[in-house]
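Structural description and commentary
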Amino acid sequence: MTRQARASAAAEMPGCLGEGQESGVLGDGQVGRAHGAALGGHQRLLGPFDVQAEPGVRRHLHAATLPTLEMSKAWNLYKGFDNSGGMHEQTSVSDDLRGKTVLLTGATQGMGRHLARLLAARGATLLLHGRDRERLAAVADEVRQSAPDAPVRTYAADLADLEQVRTLADAVLAAEPRLDVLVNNAAVGGGSAPNVRETSSQGHELRFAVNHLAPYVLTRRLLPLLAASAPSRVVNVASMGQAPIDFDNVMLEHDYEGVHAYCRSKLALIMASFDLAAEVAQHKVTANVLHPAHLMDTYMLQQSGFTPAASLDDGAQPTLRLIVDPKAEGITGRYFDRFDDRPAHPQAYDAQARARLAALTTELTASFTA
Ligand SMILES: NC(=O)c1ccc[n+]([C@@H]2O[C@H](COP(=O)([O-])OP(=O)(O)OC[C@H]3O[C@@H](n4cnc5c(N)ncnc54)[C@H](OP(=O)(O)O)[C@@H]3O)[C@@H](O)[C@H]2O)c1
């Protein structure tokens, strides 16, 4: 599919997909300003894999909640997309992670499980997280078999409970001498019952809790170890499915829909990543966030009834690049659509919205980050 055809297809997509994400409402030259804003005035770090947005087709997308069938149809437009990463450079197999410690959440299935094997093959000391101890042990065995020399340790926690997130972080702090990369990959998708609103142990809307509050608490608690191991990286796995936060209905107590809740939680994660990047730059810790691939064939996708259009490796490769690529050193506060540096949803660059989300997140997590 040509770039123009791709942009036109993207223009049709309603719901979660924010303006300017795929082909650039912002257009050439404006991406820099957007990222400058994301970094809160910090120096914009240009790297060798800097890619400007294509001059864009303006898209008129709405964040309105749609019936799930409509959402499915819209998302299935991705089927025609090129998932290969095509002309963009991929991470070379020679990238060496020996001596580096990587904590990967959500390693028990899907992209995380695949990524675990790729990281082990590069010699990383792997800290694998999962919520189910049996599945976690099985993945650790699988990884050890594929890379017998890679040290693998496991950490169990249900991210729907911030108490467990705190315990997880403290266990890592107590046991691990260093942490070079934190990959916040675990997430809950739209779910199989799109109209059934679920909540976390603390009573927060579940997708907002698992996909935004949990990585926030985990990252905050691990910052001292990341800073002590600097240069170090935080890689947050978000999605190009992004919906703006309605601050009058943050917990989606009305107008709930599962995919919308997922998309909104992913935009919250992106906004928090930008704030984090600005905060930790002085400690030589970078924070980037990405959409790994369109419609990978994983549990969350199957559960929501979408038709798969990409492999696990399609998503793992751009994620791996942010983890290992030496050229990513010093690049921070960016949103990548697979391999491309792109603008996220416009709300991610709205200083007022970012400040409101940051204040709310601080308030909701205060007893778990202190
Ligand atoms: N699939 C796609 O097309 C797509 C597109 C864009 C972005 N992404 C993102 O890619 C990342 C990986 O997703 P995936 O597609 O590989 O999904 P997946 O196969 O459903 O894997 C999700 C992982 O998150 C874990 N998880 C979910 N809820 C948890 C909780 N409460 N506590 C602890 N762990 C929990 C799961 O653990 P269990 O094994 O215990 O369930 C699993 O390991 C996610 O951040 C997702 O949002 C995916």
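The structure under discussion appears in the preceding block.
Residues numbered from 1 in each chain as written. Predicted model: local features only at pLDDT ≥ 70, side-chain atom pairs only at ≥ 80, totals over all residues.

1. Brief notes about the environment of E163
Rule in force here: In this description a helix means any DSSP run of H or I spanning at least four residues, a strand means any run of E spanning at least two, and both kinds are numbered starting from the N terminus.
Examined against the element boundaries, E163 turns out to sit in helix α6 (residues 162-175). Sequence-wise, E163 and A214 are 51 residues apart; in three dimensions their C-alpha atoms are separated by 9.7 Å.

2. A few points about unusual backbone geometry
As a reminder, the rule being used: Each residue is classed by its C-beta neighbour count within 10 Å, where at least 20 other C-beta atoms makes it buried, 12 or fewer makes it exposed, and intermediate counts make it partly exposed; the C-beta atoms are placed from backbone geometry.
In this structure, the amide linkage connecting A230 to the following residue, P231, adopts the cis form with an omega of 5 degrees. Inspection of the secondary structure assignment puts P231 in the loop between α7 (206-228) and β5 (232-237). Even without glycine at this site, L252 takes up a positive phi of about 50 degrees. One non-glycine residue, K284, lies in the positive phi region at around 60 degrees. Among the secondary structure elements, K284 is positioned in the loop between α8 (258-280) and β6 (285-291). Classification of K284 as partly exposed rests on a count of 16 C-beta atoms within 10 Å.

3. As for the nonpolar core
Convention followed: In these notes, a nonpolar core means any group of buried Ala, Val, Leu, Ile, Met, Phe, Trp, Tyr and Cys residues linked to one another through C-beta atoms within 7 Å. Contacts here follow a simple rule: the backbone-placed C-beta atoms of the two residues must lie within 7 Å.
Of all hydrophobic cores here, the largest spans 98 residues; its most connected members are V102, L104, A116, L119, L126, V165 and I270. Sequence-distant contacts of A116, that is, excluding residues within four places in its chain, are made with L104, A107, L126, L128, V139 and V143.

4. Quick notes on the environment of L320
Mapped onto the elements, L320 comes out in helix α10 (residues 312-324). Sequence spacing of L320 and P292 is 28 residues, and the spatial spacing of their C-alpha atoms is 9.7 Å.

5. Re the site of the ligand
The cut-off we apply is this: Think of it this way: take the backbone, place a C-beta atom on it, and check whether that atom is within 6 Å of the molecule or strand, in which case the residue is near it. Side-chain classes follow a simple rule in which Ala, Val, Leu, Ile, Met, Phe, Trp, Tyr, Cys and Pro form the nonpolar group, Asp, Glu, Lys and Arg form the charged group, and the remainder, Gly included, forms the polar group.
Lining the immediate environment of the ligand, one finds 30 residues, of which G106, G110, L159, A187 and T298 sit closest. Secondary-structure elements contributing two or more residues to the shell around the ligand are α4 (110-121) and α9 (299-303). By residue class, the composition of the shell around the ligand is 15 nonpolar, eleven polar and four charged.

6. Concerning the sheet that holds β6
Counted only if it meets this: Two strands pair if DSSP finds at least two bridges between them. Whenever a helix is involved, its axis is fitted only over the stretch in contact; in every case the axis is a line through C-alpha atoms, and angles between N-to-C directions fall within 0 to 180 degrees.
Strand order in this open sheet of eight strands is β3-β2-β1-β4-β5-β6-β7-β8, and the pairing throughout is mixed. Of all strands in the sheet, those bounded by a partner on one side alone are β3 (152-156) and β8 (340-341). Judged from the four bridges that link them, strand β4 (residues 181-184) and β5 form a sheet pairing that is parallel. In the strand pairing of β5, V183 is matched with V235. Sheet contacts for α7: β4, β5 and β6; angle to β4, the most-contacted strand, approximately 175 degrees. Each of β5, β6 and β7 (335-337) touches α8; the most contacted strand, β6, lies at about 160 degrees to it.

7. Here's the deal with helix α11 (residues 351-369)
Worth spelling out the cut-off: Any helix carries an expected span of 1.5 Å times its number of residues minus one. Two axes enter the definition of the bend at a residue: one is fitted to the seven residues ending there, the other to the seven starting there, and the bend is the angle between them.
An ideal rise of 1.5 Å per residue puts 27 Å on 19 residues; α11 reaches only 23 Å between its terminal C-alpha atoms. Residue E363 marks the point of greatest curvature in α11, where the axis turns by about 40 degrees. Contacts made by the buried residues of α11 are with α6, α7 and α8.

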